[in-house]
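Breakdown of the fold
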Amino acid sequence: MADARAALRRDTAGDHERLDALFGRFRLDDPVDYRAFLTAHAMALPSVEAALDAAGFAALLDDWPARRRGSAIAADLAALGDAMPPPLAAPPLDTPAAQWGAAYVVEGSRLGGALLARGVAETSPTYYLGTPQPPGAWRNFLARLDEQLRSPDEIAAATEAARGTFTLFEQAGRIVKGADVRP
Ligand code: HEM
C-alpha cells in the first residue's frame with residue numbers, strides 16, 4: 001500500500017531542517033523580529049492558500065476553507081500596524097497530487113507553530129501561531145492524503161509541490177532576514 005505521508009516526510013526532511021534553522025533565527029520574543037517572522041510567512045502562506053483555492057482544493061478536502069490561516073496573519077500584522085506584504089508566486093498546483101503536497105506543508109507547519117507561539121512576547125498578537133487546530137485535524141488530514149495519493153507518480157508529484165512550497169517559505173525568510181542568513 002502507498003504511504004504518501006511517510007514518503008513526503010522522508011523526502012522533505014532536509015527542507016524542513018533548513019527552514020527550522022532559518023526561522024529559528026527569528027527571536028520571537030523581540031517585537032521587531034516577530035514582525036519580520038510574520039511578514040515572511042505572510043509572503044508565502046496566503047499565496048499557497050490562494051493557489052489551492054483557485055485549484056478547487058475544497059472539493060478534495062471539504063474543511064479546507066476553515067483550515068486557511070492567511071487572515072490570521074493579516075490580523076496579527078494589522079494589530080502591529082503593518083499591511084500585508086506583496087505575495088511570492090506559489091509553485092504550480094495543477095494536479096490534485098500537487099495540491100495535496102502543498103497542503104501537506106501548510107498544514108504541517110501548524111505543528112511547530114504551537115511550540116513557537118510559546119516564545120512570543122505576551123504583548124504581541126498571536127492569531128496566526130496561537131490559534132489551535134481542532135482535535136484530530138492533522139490526523140484526519142493525513143488519512144485523506146494517504147487515501148488520495150496512491151501511485152508512485154502521484155506521490156512524486158506531491159513531493160515536488162511540497163518541496164516547492166518549502167522553498168517559497170525559505171525564499172520569504174531570506175528576503176526578510178537579509179543576506180546574512182545562511183542555512
Ligand atoms: C522554527 C520553525 C519551525 C519549528 C521549530 C518546527 C517544528 C516542527 C515540529 C516540532 C514538528 C513535529 C510535530 C509533531 O510531530 O508533533 C514539525 C512538523 C512539521 N513541520 Fe515544522 N517547524 C518549523 C517550521 C516549519 C515551517 C516554516 C514549515 C512549512 C512551511 C513546516 C512544516 C512542517 C511539516 C510539513 C511538518 C510535518 C512533518 C510530518 O509529516 O510529520 N515547519 N515542525
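Reading the values: the criteria
- Residues numbered from 1 in each chain as written.
- Predicted model: local features only at pLDDT ≥ 70, side-chain atom pairs only at ≥ 80, totals over all residues.
- Heavy atoms only, no water.
- Helix = DSSP H or I, 4+ residues; strand = E, 2+ residues; numbered from the N terminus.
- Rg over C-alpha atoms; globule rule 2.2 N^0.38 Å.
- Axes fitted to C-alpha atoms, helices over the stretch in contact; angles between N-to-C directions.
- Parallel < 35°, antiparallel > 145°, perpendicular 65-115°, else oblique.
- Left-handed = near helix turned anticlockwise from the far one by under 90°.
- Contact = heavy atoms within 4.5 Å.
- Nonpolar A, V, L, I, M, F, W, Y, C, P; charged D, E, K, R; others polar.
- Near = heavy atom within 4 Å.
- Polar contact = N/O pair within 3.5 Å; in protein donor to acceptor, adjacent residues only side chain to side chain.
- 1 Å grid on protein atoms, 1.4 Å probe; cavity = no way out; pocket = protein on both sides within 12 Å on 5 of 7 lines; lining within 4 Å.
- Sits in = over half its atoms within 2 Å of the grid points.
- Donors = N, O, S within 2.8 Å, 3.2 Å for Na, K, Ca; no water.
- Points joined across faces, edges and corners; volume = space filled by probe spheres on them.
- Buried < 20%, exposed > 50% of the residue type's maximum accessible area, 1.4 Å probe, protein only.

Looking at the overall build of the protein
The helix and strand tally for the protein stands at 9 helices and 0 strands. Helices and strands in the protein line up, N terminus first, as α-α-α-α-α-α-α-α-α. Compactness check: the protein gives a C-alpha radius of gyration of 16 Å against a globular reference of 16 Å for 183 residues, within 12% of the reference. For the protein, the spread of C-alpha atoms along the three principal axes comes to 45 × 30 × 25 Å.

Some details on the packing of helix 2 (residues 13–23) against helix 9 (residues 152–177)
One way to put it is that helix 2 packs onto helix 9 with a least axis distance of 10 Å and a crossing angle of 20°. Classed by the angle they form, the pair helix 2 and helix 9 counts as roughly parallel. For the crossing formed where helix 2 meets helix 9, the hand is left-handed. Contacts between helix 2 and helix 9 involve D15, H16, R18, L19, L22 and F23 on the former and, on the latter, R163, F166, F169, E170, G173 and R174. Grouping the constituent residues of the contact of helix 2 with helix 9 by class yields 5 nonpolar, 2 polar and 5 charged.

A few points about the site of the ligand
The ligand sits among 18 residues. The nearest are R5, R9, H16, Y104 and G108. Between Y104 and the ligand, the recorded distance is 2.6 Å, taken from a side-chain N or O atom to an oxygen atom. G108 places a main-chain nitrogen or oxygen 3.3 Å from a nitrogen atom of the ligand. Among the detected pockets, the ligand sits in the largest pocket. Listing elements by their share of the shell around the ligand, those giving two or more residues are helix 1 (4–11), helix 2, helix 6 (96–117) and helix 9. With 7 residues, the single largest contributor to the shell around the ligand is helix 6. Classifying every residue of the shell around the ligand gives 9 nonpolar, 6 polar and 3 charged.

Quick word on the coordination of the iron atom of the ligand
Inspection of the coordination sphere of the iron atom of the ligand shows a single protein donor, H16 (NE2), at 2.1 Å. For H16, the position within the fold is in helix 2.

Here's the deal with the layout of surface pockets
If you add up the space inside the largest pocket, you get close to 680 Å³. Forming the boundary of the largest pocket are 26 residues, of which H16, G108, S109, G112 and F166 lie nearest the centre. Sorting the residues of the lining of the largest pocket by element identifies helix 1, helix 2, helix 3 (31–54), helix 6, helix 7 (127–130) and helix 9 as the ones contributing at least two each. Along the lines of polarity and charge, the residues of the lining of the largest pocket split into 14 nonpolar, 8 polar and 4 charged.

Details of the environment of D53
Within the fold, D53 resides in helix 3. Residue classification places D53 among the partly exposed residues on the basis of a relative accessible area of 34%. On a C-alpha basis, the gap between D53 and A143 in space is 21 Å, while along the polypeptide they are 90 residues apart. Contact partners of D53, with chain neighbours within four places excluded, come to W64 and R68. A distance of 2.8 Å separates polar atoms of two side chains, one belonging to D53 and the other to W64.

Examining the side chain of D33
By secondary structure assignment, the location of D33 is in helix 3. Relative accessible area serves as the criterion here: at 14%, D33 is assigned to the buried category. Those residues in contact with D33 that lie beyond four places of it in its chain are R25, F26, R27 and K177.

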